[in-house]
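Structural overview
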Amino acid sequence: MTELLYYHDSYAIHFQARVVERLSHNGHMGLVLDQTYFYPTSGGQRHDVGLINDVPVQDVYARDRDGAVVHLLTSRLQADRVQGTVDWPTRFDHMQQHSGQHILSQAFVQAAGAATVGFHMSAESSTLDLDVEQLSAKKISEAERLSNEIVWENRPVTVRMVEAVEAERLPLRKVPEAKDGMLRLVAIDSFDLSACGGTHVARTGEVGLIKVVKTEHVGGKCRIEFLCGQRALTDYDRKNKVLERLSGEMTTGYWELEKSIVKLRSELKSTRRALKQKTSQLHIVEAENLIGASTHLGEVLLIRRAFKERDPQDLRALVGLLTKRANTIVLIGLSGEKAQLIFARSDNMEVPMNAVLQEVLPMLGDASGGGSAKFAQGGGQKVGEQQIHEVLHAAEQIVRSMLTG
C-alpha cells in the first residue's frame, strides 16, 4: 500500500517517491508510488492536482483491491524516482471546504438535532445531506451562525490515530468501519470529533467563512449547499456585482430592489393584460377585413393571405378566431428567415388540412411539418415573399379540387 503522507501533514506539498507500479487507465498512464501527498477522491472530498516530474496529475484514486493510490498523468513518464508537487491553492480550498463541513455538520446536530448522512464536494460548491426531510429557515440560520462563531474563535484542529475499540468509547458523530483496526480522528477543540481521512486546516480561523447558499429536498433528506473560505468570498463578490448593476438599472439602493422588482412585475402584468385585450380587438378587426376580402366557393369561405415579419403565435391566434366561423378554410403563409405555413378549417368541414400541407411542403425545399385534419402547420427555412404566394396558390388549387371532387 502507498504511505499516505497527507495523513500526518496537510500543509506539505513537495515530496520525493519511488515508482512501484505503472498501469494504464482509460488511455492514461497511472503511477503507484511508495508514498504520496496527493489526496485521492474519497469520503466526499475531491482529489488533489499538481505535478509529478513536471507532468500534470489529472486524477488520483485509491484502488479498491489493495488501497494503493493511483496517480493518472496527462502524458507518459519513465523515471523510477520522482518529485511530486501538490497544487497548493486547490489543496487549501479542499481543506477549507472539508473542515467547514465538519463544523457545519456538528452545528446542525446542536442547532437542529440533524445528523449528516452524506457529503459531496464539487469544483464549485459542497453539499451535505441531513437525516431530516426539512428544516426551518430559523434552524438553518442558527446552524450557520454557530458554525461561523467556531470559525471566528480560531479553535485548533488536531489529528490522531486510534484503535477502533478506543474509538467506540469516544463521542464521535459516527463510527465508520476501521481499516487495519485503526481510525484517523479529526478533532475541533471542544466542539466536534469525527473519523475522517481527508485534509484539514490546523485552526478553524483558516476556514474564513461558512455560508449556506441553497437547500433542497432529495430522497427524503434535506440537502444543504454551502461555501467556505475563498469560494464564499468569490460568491459574495459575484452577487454584489449583480446587485450593483441591478441597483444602477433601477436607480435605487440594493435594499430597495425587492420592492422595486415586485412593483415592476405588477406593472408588467397589467401591461400584458391590457396588450392582450388590445390584440384581441385588433384580431377581430383584422378577421373581419380578411373575411370581407376573401373568396366564396359556394357556401365555403376560402381565406388566403401571405404575411411577412409577423409573430407566428399571433398568426395562430388570428387563424383560431377565423375558424370559429362555420364553412371557413384558412391558408396562411409567413415569409422570412423561418417561413411558416398555417392551414386550418372550421369544425363542420371535412377537408384534411394536414394532407394539403404535405402536398405543398416540398415547394419550400427542406421543410417539415404536420398536424391534424383540422389544423396543420410547417416550414422552418428562409423563404421569400413570392415563393410563399406560389405555395399558397398551389394549396388553394388543391382545396378547390377537394371541394369540387
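Numbers given to residues run from 1 along each chain, matching the order in which its sequence is written. Local features are withheld for residues below a pLDDT of 70 in this predicted model, meaning they are given only at 70 or higher, and side-chain atom pairs are given and counted only at 80 or more; totals for whole chains, interfaces and linings count all residues. Based on all heavy atoms of the structure, the side-chain values leave hydrogens and waters out of the count.

1. A closer look at the packing of helix H5 (residues 257-292) against helix H6 (residues 312-322)
To define axes, lines are fitted to C-alpha atoms, for helices over the stretch in contact only, and angles between the resulting N-to-C directions are given on a 0 to 180 degree scale. In this description a helix means any DSSP run of H or I spanning at least four residues, a strand means any run of E spanning at least two, and both kinds are numbered starting from the N terminus. The geometry of H5 relative to H6 is characterised by a closest axis approach of 10 Å and an angle of 60° between their N-to-C directions. Looking at the two axes, H5 sits oblique to H6. For the element pair H5 and H6, the recorded crossing hand is right-handed. For the pair H5 and H6, the contacting residues are Thr 279, His 283, Ile 284, Glu 286, Ala 287, Leu 290 and Ile 291 in the first and Asp 314, Ala 317, Leu 318, Leu 321 and Leu 322 in the second. Working rule for angles: under 35 degrees goes down as roughly parallel, over 145 as roughly antiparallel, 65 to 115 as roughly perpendicular, anything else as oblique. Less than a right angle of anticlockwise turn of the near helix away from the far helix marks a crossing as left-handed, whereas a clockwise turn marks it as right-handed. Contact between two residues is taken to exist if any of their heavy atoms lie within 4.5 Å; hydrogens are not considered.

2. Observations concerning the environment of Gly 44
In this fold, Gly 44 is placed in the loop between strand E4 (35-36) and strand E5 (50-52). As for Gly 44 and Ser 122, which are separated by 78 residues in sequence, their C-alpha atoms are 8.7 Å apart. Excluding its chain neighbours within four sequence positions, the residues that come into contact with Gly 44 are Phe 119, His 120 and Met 121.

3. What about helix H1 (residues 88-112)?
The end-to-end C-alpha distance of H1 is 35 Å, a good match for the 36 Å that 25 residues give at a rise of 1.5 Å each. Burial status follows relative accessibility: with a 1.4 Å probe on protein chains alone, a residue under 20% of its type maximum counts as buried, one over 50% as exposed, and anything between as partly exposed. Within H1, 18 of the 25 residues are buried, which leaves it mostly tucked inside the rest of the structure. Given a helix with a known number of residues, its expected span is that number minus one, times 1.5 Å.

4. Description of the pattern of salt bridges
Once their charged atoms are close, side chains differing in charge can pair, the charge on each being opposite to the other. A side-chain nitrogen of Lys or Arg and a carboxyl oxygen of Asp or Glu constitute a salt bridge if their distance falls within 4 Å. With the rule as written, the count across this model stands at 21 salt bridges. When the shortest N-O distance is used, the salt bridge between Arg 22 and Asp 80 registers 3.5 Å. You can see Arg 22 sitting in strand E2 (residues 14-25) and its partner Asp 80 sitting in the loop between strand E7 (69-73) and strand E8 (81-86), a full 58 residues away along the chain. With a shortest N-O distance of 3.5 Å, Glu 337 and Lys 382 are connected by a salt bridge. Within this pair, whereas Glu 337 is found in the loop between strand E18 (328-335) and strand E19 (340-345), its partner Lys 382 is found in the loop between strand E21 (375-379) and helix H8 (385-404), the two being separated by 45 residues in sequence. As far as burial versus exposure is concerned, Glu 337 and Lys 382 are alike and both exposed. One continuous salt-bridge network, built from bridges that share partners, spans Glu 21, Arg 63, Arg 65 and Asp 66.

5. As for the sheet that holds E7
When DSSP finds two or more bridges between a pair of strands, those strands are recorded as paired. Overall, antiparallel pairing links the six strands, which are arranged E2-E3-E7-E6-E5-E8 in a closed barrel. Along the sheet, successive strands turn relative to each other by an average axial angle of 45°, direction set aside.

6. Things to note about the pairing of E8
Only one face of E8 is buried: it carries Val 82, Gly 84 and Val 86, and the other face, with Arg 81, Gln 83 and Thr 85, is open. When E2 meets E8, the two strands line up antiparallel, connected through five bridges. Bridging across to E8, Arg 18 finds its partner in Arg 81. Pairing of E5 with E8 involves three bridges; the strand directions are antiparallel. Note on E8: the bridge partner recorded for Leu 51 is Thr 85.

Honestly, it's all geometry; don't read function into it.
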